[in-house]
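# Results of the structural survey
Okay, here's what each chain looks like letter by letter:
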Amino acid sequence: PFKYAQVITGENFCGRKNLINSLKKSAKSGENLLIIGERRIGKSSLIHESYVESKIKLIYIDLFGAKTASDILEKMLVAVSKASESDSVALKLLKSFSHLRLNVGVDPLTYLPTVGVDAKIKHKADTLQTMITWICNNWKKCTIAFDEFQDVLKTEDSSNILAALRSEIQMHGDNAFIFCGSIRSDMDEIFSDSNSPFFKMAKPLDVGPIEEMEMNYFIKRKFKEGKRIIDIDQIGWIYEICDNISGDIQQVCSQAWDNTKSGDNIDEEVLRESLLEVINHEKASFEHIINSLTPSYMGFLKALAKLGGTSPYSGEFMQEVGVNGPNIITRSINKLVKMRVIFRSGTSLRFVNPFFKHYLRHF
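If you're wondering where the values come from, they're calculated on a predicted model, not measured in any experiment. (Residues numbered from 1 in each chain as written. Predicted model: local features only at pLDDT ≥ 70, side-chain atom pairs only at ≥ 80, totals over all residues. Heavy atoms only, no water.)

Let us now look at the overall build of the protein chain. Across its full length, the protein chain carries 16 helices and nine strands. For the protein chain, whose C-alpha radius of gyration is 23 Å, the value lies close to the compact-globule estimate of 21 Å for 363 residues. The proportion of buried residues among the 363 residues of the protein chain is 52%. Within the protein chain, counting contacts between residues at least 6 apart in sequence, those at least 24 apart form 71% of the total. When the accessible area of the protein chain is evaluated, it comes to approximately 18400 Å², of which 49% is carbon and sulfur surface. Between the centroid of the 46 positive side chains of the protein chain and the centroid of its 45 negative side chains there is a distance of 3 Å. (Helix = DSSP H or I, 4+ residues; strand = E, 2+ residues; numbered from the N terminus. Rg over C-alpha atoms; globule rule 2.2 N^0.38 Å. Buried < 20%, exposed > 50% of the residue type's maximum accessible area, 1.4 Å probe, protein only. Contact = heavy atoms within 4.5 Å. Areas by Shrake-Rupley, 256 points an atom, 1.4 Å probe, with all protein chains shown as cover. Lys, Arg positive; Asp, Glu negative; His and termini not counted. Charge placed at Lys NZ, Arg CZ, Asp CG, Glu CD.)

On to the pattern of salt bridges, then. In total, this model carries 12 salt bridges according to the counting rule given. A salt bridge links Lys122 to Glu156; the shortest N-O distance between them is 3.7 Å. Taken together, the positions of Lys122 in the loop between β4 (113-116) and α5 (125-138) and Glu156 in the loop between β5 (142-147) and α6 (158-169) put the pair 34 residues apart, joining distant regions of the chain. Among the residues examined, Lys122 registers a relative accessible area of 66% and is labelled exposed. On the basis of relative accessible area, Glu156 is assigned to the partly exposed category, the value being 45%. (Salt bridge = Lys/Arg side-chain N within 4 Å of Asp/Glu carboxyl O.)

So, about the side chain of Asn12. By the element assignment, Asn12 lies in the segment before α1 (17-29). We classify Asn12 as buried; its relative accessible area is 18%. Within polar-contact distance, the side chain of Asn12 engages the side chain of Lys222 at 2.9 Å. Every residue in contact with Asn12, bar those within four places of it in the chain, is listed here: Pro1, Lys3, Phe218, Lys222 and Gln250. (Polar contact = N/O pair within 3.5 Å; in protein donor to acceptor, adjacent residues only side chain to side chain.)

With that settled, consider the packing of helix α3 (residues 69-83) against α5. Where α3 contacts α5, the two axes come as close as 9 Å, and the packing angle between them is 15 degrees. Viewed along their axes, α3 and α5 adopt a mutual orientation that is roughly parallel. The handedness of the crossing between α3 and α5 is left-handed. Packed against α3, whose contacting residues are Ala69, Ile72, Leu73, Met76, Leu77 and Val80, the element α5 presents Ala125, Thr127, Leu128, Met131, Ile132, Trp134 and Ile135 at the interface. Considered class by class, the residues forming the contact of α3 with α5 number 12 nonpolar, one polar and no charged. (Axes fitted to C-alpha atoms, helices over the stretch in contact; angles between N-to-C directions. Parallel < 35°, antiparallel > 145°, perpendicular 65-115°, else oblique. Left-handed = near helix turned anticlockwise from the far one by under 90°. Nonpolar A, V, L, I, M, F, W, Y, C, P; charged D, E, K, R; others polar.)

Here we come to the nonpolar core. Ranked by size, the top nonpolar core spans 51 residues in total, and within it Ile219, Phe223, Ile238, Phe300, Leu301, Ile342 and Phe356 carry the most contacts. With seven residues, helix α13 (residues 295-307) is the largest single contributor of residues to this core. Discounting chain neighbours no more than four positions away, the residues touching Ile342 are Phe300, Leu301, Leu304, Ile333, Leu336, Val337, Leu349, Arg350, Phe351 and Val352. Formed by 43 residues, the second largest nonpolar core is a distinct cluster that contains Val80, Ile132, Phe146 and Met201. (Core = buried A, V, L, I, M, F, W, Y, C linked by side-chain atoms within 4.5 Å.)

Right, let's get into the environment of Ala284. Here Ala284 shows up in helix α12 (residues 283-291). By relative accessible area, Ala284 is classed as exposed at 60%. Distance from Ala284 to Phe64, taken between C-alpha atoms, is 22 Å for residues 220 residues apart in sequence.

The full count for this structure, using the stated rule, is 16 aromatic pairs. Judged by centre distance (5.7 Å) and plane angle (55 degrees), the rings of Phe146 and Phe149 are tilted. We note that Phe146, like Phe149, is buried. Aromatic pair Phe146 and Phe179: ring centres 6.0 Å apart, planes at 5 degrees, arrangement stacked. One end of the pair, Phe146, is in strand β5; the other, Phe179, is in strand β6 (residues 176-181), and 33 residues separate them in sequence. (Phe/Tyr/Trp six-rings, centres within 6.5 Å; stacked < 30°, edge-to-face > 60°.)

Viewed as axis vectors pointing N to C, helix α8 (residues 212-225) and helix α10 (residues 246-258) meet at an angle of 20 degrees, and their least axial separation amounts to 12 Å. As the angle between them shows, α8 and α10 are arranged roughly parallel. Along this stretch, α8 crosses α10, giving a crossing that reads as right-handed. Of the residues in α10, those touching α8 at Met215, Phe218, Ile219, Lys222 and Phe223 are Ser246, Ile249, Gln250, Cys253, Ala256 and Trp257. Broken down by class, the residue content of the contact of α8 with α10 amounts to eight nonpolar, two polar and one charged.

Let us now look at the sheet that holds strand β2 (residues 57-62). One key point about sheets: their strands pair by backbone hydrogen bonds, in either a parallel or an antiparallel sense. Taken in spatial order, the five strands line up as β2-β5-β6-β1-β7 in an open sheet, and their pairing is parallel. Only two strands of the sheet have a single neighbouring strand rather than two, namely β2 and β7 (203-206). Here the average twist between neighbouring strands, direction ignored, is 20 degrees. Relative to β7, strand β1 (residues 33-36) runs parallel, the two sharing four bridges. Each bridged residue has a counterpart across the sheet, and for Ile36 the counterpart in β7 is Asp206. Along the sheet, helix α7 (residues 184-191) makes contact with β1, β6 and β7, crossing β1 at roughly 160 degrees. (Pairing = 2+ DSSP bridges.)

Turning our attention to unusual backbone geometry. Its identity is not glycine, yet Asp157 carries a phi of approximately 60 degrees, on the positive side. As for its placement among the helices and strands, Asp157 is situated in the loop between β5 and α6. With phi around 65 degrees, Asn244 is a residue other than glycine that occupies positive phi space. Tracing the backbone shows Asn244 in the loop between α9 (232-241) and α10. Using a relative accessible area of 32% as the deciding quantity, one classes Asn244 as partly exposed.

Here you go:
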């Protein structure tokens, strides 16, 4: 009953009523939103849940890993194909963009046409403008959501892509645009820097941990459905282990469910065994990170896992790393943030994956 690593809606979605109401109001008014939250906190699920019963079409574009304007165009085409409820939309798209030499296929699950770009053609930013216009004309009232929007900064010609997107988006005031991201520093660079085309382009909306009372009730109810018992103290232990990240909380709960049967009590021993199994499942990716790092960077990570990230320049922290000055600390932070192993949370540093922190502590 516990779902993670996927978009969650309906009875498996927990809480966030105020945020859902904010998204619904923005969709109706055509207000643009900037949604920022940690990875696996539930941003994508929040967006989809807000449109489950809406008459407004959601075009959800995941920009993760995009490197070029052609990549973004293909991701937009994939989003349109998924949003289409009949093959007529895909065929209309093909006719409108026949000059782009699009590739056509068939989805093996839905049997609807799929559309992609020709890898040999290098598309420019203005093609993205044309695509946005087409979407807004095809669905007169729609919301276009860009997930992992900060990845635009990694694309070739990112400044022109951002300028082109902004120029076109501002022409569609009746449509809402959502810009969702998990790396605050990058999203701030796009939306808070006065030199950026997207400066103050959207209303900020932070997505934090689910309210504790709502999450407590959700977890207890889900375990009760399988005639399993868990008390508040054990739920609190899960929160602490997972740094209050809802996706990670669901992962530990899912493993605890698999490790028990009807009538069992979810106690500390069950949860510790479940955590070890979760870590073991992700061990290969942890070892890949470790093998790519020098001893000095590994020393920093071990110190961070042991002491936390509130005072990385303290004497105690540097002694734990085995350095005498701040230069290696600064270099380690910049390197590991860029690798997305850690991230800055206010004035503190945290692991992107809290299970990696526990792996370093115990293994």
